[in-house]
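Structural characterization, general
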Amino acid sequence: MIKRILNSLFYRILSPNEYAKKVGVKFGDNCVLRTKFFGSEPYLIELGNNVCTASNVNFVTHDGSLSVFRNLYEEYKNIDMFNKIKIENNVFIGINAIILPGTHVEENVIIGAGSIVKGRLAANGVYAGCPAKFILTTDEYFKKNKDKFVNTHNMNSLDKKEYLTNIDL
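Just so you know, the residues in each chain are numbered from 1, in the order the chain's sequence is written. The predicted origin of the model limits local features to residues at a pLDDT of at least 70 and limits the giving and counting of side-chain atom pairs to 80 or more, whereas totals for whole chains, interfaces and linings rest on all residues. Excluded from the side-chain calculation are hydrogens and water; included are all heavy atoms of the structure.

Let's talk about the nonpolar core
- Phe38, Leu47, Phe59, Ile87, Ile93, Ile99 and Ile111 are the most contacted members of the largest nonpolar core, which totals 25 residues.
- Here a helix means four or more residues in a row that DSSP labels H or I, a strand means two or more in a row labelled E, and each is numbered from the N terminus. Breaking this core down by element, the ones donating at least two residues are α2 (16-23), β2 (45-47), β5 (85-87), β6 (91-93) and β9 (109-111).
- Contacts are residue-level and defined by heavy atoms, with any inter-residue pair within 4.5 Å sufficient. In contact with Phe59, other than residues within four places in its own chain, are Thr35, Phe37, Phe38, Gly39, Ile45, Leu47, Thr53, Ile85, Ile87, Ile93 and Ile99. By convention a nonpolar core is built from buried Ala, Val, Leu, Ile, Met, Phe, Trp, Tyr and Cys residues, the set being connected through side-chain atoms within 4.5 Å. Exposure categories follow from relative accessible area, calculated using a 1.4 Å probe and restricted to protein chains: below 20% of the type maximum is buried, above 50% is exposed, and the middle band is partly exposed.

Digging into the side chain of Thr53
- Positionally, Thr53 belongs in strand β3 (residues 51-53).
- The exposure class assigned to Thr53 is buried, which follows from its relative accessible area of 0%.
- Reaching out from Thr53, the side chain makes a polar contact with the backbone nitrogen of Arg34 at a distance of 2.9 Å.
- When neighbours within four sequence positions are excluded, Thr53 is seen to be in contact with Val32, Leu33, Arg34, Thr35, Phe59 and Ile93. Definition of a polar contact: a pair of N or O atoms within 3.5 Å, with one able to donate and the other able to accept a hydrogen when the atoms are protein atoms, and with sequence-neighbouring residues admitted only if both atoms are side-chain atoms.

With respect to the layout of surface pockets
- Put simply, the largest pocket is a space of about 270 Å³.
- Any residue with an atom within 4 Å of a point lines the site, the site being either a cavity, points on a 1 Å grid over the protein atoms alone where a 1.4 Å probe fits but cannot get out, or a pocket, an open set with protein on both sides within 12 Å along at least 5 of 7 lines. Taken together, Asn50, Cys52, Asn90, Val91, Phe92, Asn108, Val109, Ile110, Thr138 and Tyr141 make up the lining of the largest pocket.
- Residue assignment for the lining of the largest pocket shows that the elements contributing at least two residues are β6, β9 and α4 (138-145).
- Looking at side-chain class alone, the lining of the largest pocket contains six nonpolar, four polar and no charged residues. Grid points are joined across faces, edges and corners, and a volume is the space filled by probe spheres set on the points. Residue polarity is assigned by list, with Asp, Glu, Lys and Arg as charged and Ala, Val, Leu, Ile, Met, Phe, Trp, Tyr, Cys and Pro as nonpolar; anything else, Gly included, falls into the polar class.

A short note on the pairing of strand β12 (residues 125-129)
- By the bridge criterion, two bridges tie β9 to β12 in an arrangement that is parallel. Paired with Ile110 across the two strands is Val126, which belongs to β12.
- Alignment of β12 against strand β13 (residues 132-137), held across five bridges, turns out to be antiparallel. By the bridge assignment, Val126 is partnered in β13 with Leu136.
- Pairing between strands is defined by DSSP: at least two bridges between them are needed. Once β12 ends, the chain turns through two residues before running back antiparallel as β13.

Things to note about the sheet that holds strand β4 (residues 58-59)
- Strand order in the open sheet formed by three strands is β4-β7-β10, and the pairing between neighbours is parallel. In the strand order of this sheet, the two ends are held by β4 and β10 (116-117), each with one partner.
- Looking at chain direction, β4 and strand β7 (residues 98-99) are connected through two bridges and run parallel. By the bridge assignment, Asn58 is partnered in β7 with Ile98.

Note that all results are geometric; they support no functional claim without further evidence.
Written as structure tokens, this is what we have:
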């Protein structure tokens, strides 16, 4: 009991990247993870280089619906079903997205907030929705939005607040 409480506290103080490493998520260089929701089989998740998640992204590597069949059929009372998740290089996953078993996201992809992702997402695209669907290419997204970009990424929070409250957004 005490060991379980100490483990729980230990995992809470770890950064999401440290937590992911500790539970067995494989990930490359320069990843910025803002979630600790890697499901019950985190060792089935592989993230490439430069993967960034917003908060509350859920990675799910199993199909819990099999509980219905466990109850219906005695010979299937011990079944499970799993699949890997692979995210290639340079991918952003928006807040509250759910990445389902068997998902393979190719490189240079943006996944919109709240999306539910299953299957293969081709490289160089922006995807969003439930289920996630192709919206436009990353190049089209860049061209569409580049006049809205502001150079605040490396500003501290006070300087950013000052800057953003004094420009017309």
